[in-house]
Each structure stands twice: as C-alpha cells, then as structure tokens.
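Structural overview for review
Take a look at the letters that make up each chain.
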Amino acid sequence: MYVAVKGGEASIRNAHRLMAARRRGDAGIPALTLEQIAGQLSLAVDRVMAEGSLYDPELAAMAVRQSRGDLIEAIFLMRAYRTTLPRLAAACPLDTASMRIERRVSATFKDIPGGQILGPTFDYTHRLIDPEMASDAPVPPPETRQPDDDETFSRVTDLLGADGLIEPDGPPGDAAPGDITREAMAFPLTRDRRLQALARGDEGFLLALGYSTQRGYGRTHPFVGEVRIGFATVEVDLPEFGFAVAIGEVRVTECQMVSQFKGADGGKPRFTRGYGLAFGQSERKAMSMSLVDRALRAAEFEEDRKAPAQDEEFVMEHLDNIQATGFVEHLKLPHYVDFQAELELLRRLREQDREAAE
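Predicted model only: the values in this text are computed from it and were never measured.

**Focus: the packing of aromatic side chains**
- Using the criterion set out here, one finds 3 aromatic pairs in the structure.
- When the ring of Y55 is compared with that of F279, the centres are 5.1 Å apart and the planes differ by 70°; the resulting orientation is edge-to-face. You can see Y55 sitting in the loop between α4 (42–52) and α5 (57–66) and its partner F279 sitting in strand β4 (residues 270–279), a full 224 residues away along the chain.
- Considering the side-chain rings of F241 and F243, the 5.6 Å spacing of their centres and the 25° angle between planes classify their relative orientation as stacked.

**Considerations on α5**
- Among the residues of α5, L59, A60, A61, A63 and V64 are the ones counted as buried.
- Those residues of α5 that are buried lie in contact with α3 (34–40), α4 and α6 (71–82).
- Positive phi shows up at R68, right after α5, with a value of about 60°.

**Focus: the sheet that holds strand β1 (residues 100–105)**
- With antiparallel pairing, 4 strands are arranged side by side in an open sheet as β1-β2-β3-β4. The sheet terminates laterally at β1 and β4, the two strands that pair on one side only. Direction aside, the axes of adjacent strands within the sheet are offset by 30° on average.
- Here 5 bridges tie β1 to strand β2 (residues 223–238), and the two strands are oriented antiparallel to one another. Bridge pairing in β2 places R104 opposite R228.

**Focus: the pattern of salt bridges**
- Inspection of the entire model under this criterion finds 22 salt bridges.
- A salt bridge links E51 to R47; its shortest N-O distance comes to 2.9 Å. Taken together, the residues span about one helical turn, with E51 and R47 both in helix α4 at a distance of 4 residues. Of the two residues, E51 and R47, neither departs from the other in class, the shared state being buried.
- Between E283 and R103 there is a salt bridge, with its nearest N and O atoms 2.8 Å apart. In this pair, E283 sits in helix α10 (residues 283–295) while R103 sits in strand β1, placing the two residues 180 residues apart along the sequence. An identical accessibility class is assigned to E283 and R103; each is buried.
- One network of salt bridges, in which partners are shared, links R47, E51, D202 and K285.

Definitions and limits used
- Residues numbered from 1 in each chain as written.
- Predicted model: local features only at pLDDT ≥ 70, side-chain atom pairs only at ≥ 80, totals over all residues.
- Heavy atoms only, no water.
- Phe/Tyr/Trp six-rings, centres within 6.5 Å; stacked < 30°, edge-to-face > 60°.
- Helix = DSSP H or I, 4+ residues; strand = E, 2+ residues; numbered from the N terminus.
- Buried < 20%, exposed > 50% of the residue type's maximum accessible area, 1.4 Å probe, protein only.
- Contact = heavy atoms within 4.5 Å.
- Pairing = 2+ DSSP bridges.
- Axes fitted to C-alpha atoms, helices over the stretch in contact; angles between N-to-C directions.
- Salt bridge = Lys/Arg side-chain N within 4 Å of Asp/Glu carboxyl O.

Have a look at this one:
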C-alpha cells in the first residue's frame, strides 16, 4: 500500500459505503435478482464467464451485480474467485460436433447437412430502439425446434476436408495442453497456449485486431465456415472406471474460420483455418478469436509478419483486460514523489535554458 493512502483510510471506507449505495440505487425500487441478471442480461454474464475463465452463470451474475455492470471489474472478480478453487481433474476435449444445437449458421454454403438454424440473434433486427423496452409487455412464445437427443451436426469444414480442400483439423494428441494460469508465457507459444490466452482475452481488443486483418493488416481473406452455439457435454476420464464419465454440460460458441489457401509441404493449395471457442453465446468473441488465431499462424505458413495481429508478443502481452486495467488504473494512485522529481527536473532544465540565453 502507498504510504500516502494510509492517512485516508476513513475516506476509503466511506467511499466503499457510497459505492454500495450507488450500486443499490433507489431503495424504493426492487433490487435486481441474480435470476434476472442471468436471464435478461445473459450476454453480459456469458462474457464475464468467458473472460473470467470460469463457467458459473450464477456467480457471474453476482459479479455483474457487484460491479454495477462494469464487465471488466466483474471479470476481475471472477478471476480472483477462480484462484481460490481446487483443480479436481482435467476434462476430455469437448465434442462440439455432438453438441445440442441452439444456433448454427454458415456463410460458405447455403445448404448444409441439418440446415441453417438461425436461433437467437441480432443479425436480422432493425437496430432501432424498441419503445416496448420501456414496459414489461409479455413476449409471445417463440416457435422452438425440439432436437433429438441423438441428433448430431457434422461441421461444415468437414465438407471441405472430405475433398482435401482444407488443412486437417488434427487430433488433440496425447500431450496435456498447456496452462497459462499456472505457467508463465514463454515465446514462441504453442497453439494450445495461444488459444487459451485468446479465449481469456478482451473481446474489444480481439475485435479490433480481427477487424484490422480484414482491412489489409495481415489480410487472410476469411469466410465464416460455421458458427455454432449449443450445449456440449463435459466428460472426465476416471482411471478407476477405465472410461470417460459425463459430469455436466456447458453452453459454448464455436467458430471455424476458413481462410486463404496455402500449399503445404509442396502439396496442392488448400484452405487454412482459424479457430475460436468461448463460453456462452459469444459470437463476436469467437469470430474475432478465430481471425486473430489465423493471423498468429503466419510463421507456420511462412507468411511475412508485418501487421500487429501477426505479432505474437504484441498480441499476447496486451490482450488481457485485467492486466491492462491494472496497469492503466494504477495511474490514479498517488505518484506524488515521482511527479515532484519530474517537476524539479523540468524546472532545472528551464533554468539552464534561461542561463544559456543570458
């Protein structure tokens, strides 16, 4: 703690009480419940879970409420809580091909096996403020499809893969994936560690980088092979049983980006991939992640690395919003001694200039 802060402990306690009062708002209005936040602000809750790297809708709703809607602050709270949890096991890779689909669209093929499933999306709305949002008018029930429990949807990229027109997805392999929360990043990173960092990264930062690749800064000419949202089963291998056991399911968004083609090992040209996966309904995040993932594979495809999105160290060192927030917001804390030193130096320089002019 800064010494200068200690003298203001009473003020800090009062600031906390004031913040709690502002968080509550008008006491004459019923407080928001966690069920309301999780149900009606679900996209905010999903972002907090994704970037907080902890799947718990109720806890994320609590963090959103505590942070007064400041999602980065809520993500900070989730990250801090996550550090207190024991690690019981590592889950098996998710089989997203067999997820219970809520939404599934492709921009590369009109007719895909199983069909396009629009699901809940802003894509076709008019982007105009709806006056009914000022009231609590009942919402007509939607027509929902009833998925078959055994229903599966093959990935759209598998259609290209069957003809050898896209690089293979590849098996997960036997090696345990890296964990950047337990091991410091060392460059160059393996792709599994990059993807983990991207999944925890700030959505806005990734969106800007992904957009930059479409404007020529590391251009890869992408197409959305598929975006799918649904519930994927989480399984854990239990050595005493000798097989994997399902322990639950999580809602995830997966994006497979089909990017410009390259030859491989002297072979025929084929499309390359970018990949994104995030908790909840997080399409913008998953798409941006897949764009940046492909840009960061520039060295793998012997491409010139000229753009920010292709610079692994630049991207990895700046994508985490918790680190960025801490670094920026610490500027609000007392820097009296540092500033006085700078001020004294400036005065000496001006005095030297005055004496030289005489």
